[in-house]
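Remarks on the overall topology
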Amino acid sequence: MRNFFPVITVVAAIMVIWYGASVWMNSKWVYDQAARAGTEVSFGELVKDTWSQERPVLPAPHQIVAELYKSTVEKKITSKRSLVFHGWITLSATLLGFIFGTGMGILLAIGIVHNRAMDMSVMPWAIASQTVPIIAIAPMIVVVMSTIGATDFLGKGAATALFGYQPAFMQGLLPKAVIAAYLSFFPVVVGMVKGLRSPDNMQLDLLKTYNASKSRTFWSLRLPSSTPYLFTSLKIGMAGALVGAIVSELSASPLRGLGARMLTGSYYGQTIQIWAALFAAAAMAATLVGIIGMIERYSLQRMGMAK
Amino acid sequence: MTTETVIKAENLDLTFHTNDGDVHALKDINLDIQKGDFVSFIGPSGCGKTTFLRTIAALETPTAGSVCVNGMPADEARKNRAYGYVFQAAGLYPWRTIRGNIRLPLEIMGFPKKEQEDHISKVLDLVDLRGFGKKFPWQLSGGMQQRASIARALAFNADILLMDEPFGALDEIVRDHLNEQLLKLWDRTNKTIAFVTHSIPEAVYLSTKIVVMSPRPGRISDVIESTLPRERPLDIRDTKEFLDIAHRVREGLRAGHAYDE
Ligand SMILES: Nc1ncnc2c1ncn2[C@@H]1O[C@H](COP(=O)(O)OP(=O)(O)OP(=O)(O)O)[C@@H](O)[C@H]1O
Ligand SMILES: [Mg+2]
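Residues numbered from 1 in each chain as written. Chains lettered and ligands numbered in written order. Predicted model: local features only at pLDDT ≥ 70, side-chain atom pairs only at ≥ 80, totals over all residues. Heavy atoms only, no water.

Moving on: the environment of A:V122. With respect to the helices, strands and loops of the structure, A:V122 is situated in helix α5 (residues 116-131). In this structure the C-alpha to C-alpha distance between A:V122 and A:P59, which are 63 residues apart in sequence, comes to 46 Å. (Helix = DSSP H or I, 4+ residues; strand = E, 2+ residues; numbered from the N terminus.)

So this is what it looks like as structure tokens:
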């Protein structure tokens, strides 16, 4: 409750600026229309018009809310125009990529910490991989994986045998998940290496006096020590996976998902649709990161490490 | 008289190579510790007490000379889990409860489940921490954490205890109490104990043998065999015999310092 007024104040300020900017940025079109028709516009008409255009430069918040409502509640979720449908496509790629990426990241970190050769060789490549712009590499991954036929999570045959049909999200899922994984593994590697190396000398010496094996040291000391680092990395990794999934949708086929909504929206000047997809993506990111935060709090509490 | 040498250091030398030069931490250390001895190491800060204890534990490798524990090289003794080590700081794992921390060595050494719990309860009683087993380390005071770390070193019944200033952070009363407890434990179990301290009365009260060390390079300047009986009530500290030994320790420490000037 203590946070209520500050939060409300900030939201109100954003709203005021947004509605103002919306009038300002969309006014040119209104004036052009008026000039062409040879009429004058009053300020009241200007405001009314700029907040209700079909393809505004900057849609007003209530237009986005209306679009979100229309494309989620009023559409069947299997419809190609439902934001829930597209959201689920993006979510599935994000989650699968996140699992790939996190698994990869943890394995690489374990390798780096335990093997000197890996320590020297893996990290430079991991860093190099992140300096390549994802927007450049994503189409290549899509093309290469399509060429070798590795695009569907379960092929049509296998999926039909299992479910009687092939769920839409499985089509073209793999390249998207790989791109999502590409962006999410790096923070996990960096965080886990730091976490697995966080035990101090005394804690390590103690296990040495017990003549504990390397795997013992890993399970009893290194892994629990790294837990706080792991959760921080997972949050960044999840956000990365979502960005990867959205970027991958710009070049994957079939054209689906929140990224595809943004792309088609920009083809046809559907700014309201773009903004609605943006908000859906932001809400999804906040939810996913929030869930990790909840698991983090619960785990650290169970481990007696919560503040 | 059966005397069996449990720890034997011969011509021990240890130099640390650091970025800003070499540190000669131990020089010409020769020492025999018999089974059942209670040996205290005393000396000014930085004279190599911790380093010597760590060398016995095979946590440091000597530059020259050798350390034998139970008749084998120190590293082999470590692999045989010959000793329990109490570090200068408690070093409990924050994600384990007190019981969980004490269980750690028992798990690693493969004690049966039932036996683990028995051992834990027994050593918790010994250090007066009964009822705190389910707490996490941060819920305990520094002194209680230190006691828990002693319990952890006692839990697996090693014959040798290496203790690095275990009571350094405790108040006098608790310290007296734990000194008594430790003596009782030592008397009952016939463990061999190597004990680092800064306190002359503590060293004299506990030890059968007091090793006085002096710094730069760290070496042994005096070894004092205590003439006190094994049975030692706290008020033995007011006897003439006690004060005489304490006096000799103080002289030894002073001589070490004079050498320094
Ligand atoms: N790992 C190390 N690397 C380099 N020098 C070290 C290392 N450990 C200890 N030393 C040096 O060796 C000397 C002896 O250190 P040590 O910790 O054994 O002293 P100490 O007698 O235990 O002192 P205190 O009573 O303060 O604990 C010191 O000069 C210290 O700086
Ligand atoms: Mg020390």
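What follows covers the sheet that holds strand β6 (residues 83-86) of chain B. All names here are of chain B. Taken in spatial order, the six strands line up as β6-β7-β8-β3-β9-β10 in an open sheet, and their pairing is mixed. Strands with a single pairing partner mark the edges of an open sheet, and in this sheet they are β6 and β10 (219-225). For this sheet, the mean angle separating the axes of adjacent strands, direction not counted, is 15°. Looking at chain direction, strand β3 (residues 38-42) and strand β9 (residues 209-214) are connected through four bridges and run parallel. (Pairing = 2+ DSSP bridges. Axes fitted to C-alpha atoms, helices over the stretch in contact; angles between N-to-C directions.)

Moving on: the pairing of β3(B). All names here are of chain B. Judged by how many residues are buried, β3 sits mostly within the fold: five of five residues are covered. Along β3, one buried face is formed by F38, S40 and I42 and the opposite face, lined by V39 and F41, is buried too. The pairing of β3 with strand β8 (residues 192-197) spans five bridges and is classified as parallel. Bridge pairing in β8 links V39 to A194. (Buried < 20%, exposed > 50% of the residue type's maximum accessible area, 1.4 Å probe, protein only.)

Attention shifts here to the site of ligand 1. Residue and element names in this part refer to chain B. Around ligand 1, a shell composed of 14 residues is seen, among which S45, G46, K49, T50 and T51 lie nearest. In the environment of ligand 1, an oxygen atom lies 2.6 Å from a nitrogen or oxygen atom belonging to the side chain of T50. Contact with the protein chains removes 65% of the 630 Å² of surface that ligand 1 exposes when unbound. Listing elements by their share of the shell around ligand 1, those giving two or more residues are β1 (5-18), β2 (21-34) and α1 (49-56). No other element matches the three residues that α1 contributes to the shell around ligand 1. Across the shell around ligand 1, the residue classes break down as four nonpolar, eight polar and two charged. Taken together, domain 1 (1-22 + 46-80) and domain 2 (82-198) each give at least three residues to the shell around ligand 1, which thus spans both. (Near = heavy atom within 4 Å. Polar contact = N/O pair within 3.5 Å; in protein donor to acceptor, adjacent residues only side chain to side chain. Areas by Shrake-Rupley, 256 points an atom, 1.4 Å probe, with all protein chains shown as cover. Nonpolar A, V, L, I, M, F, W, Y, C, P; charged D, E, K, R; others polar. Domains from an automatic or database assignment.)

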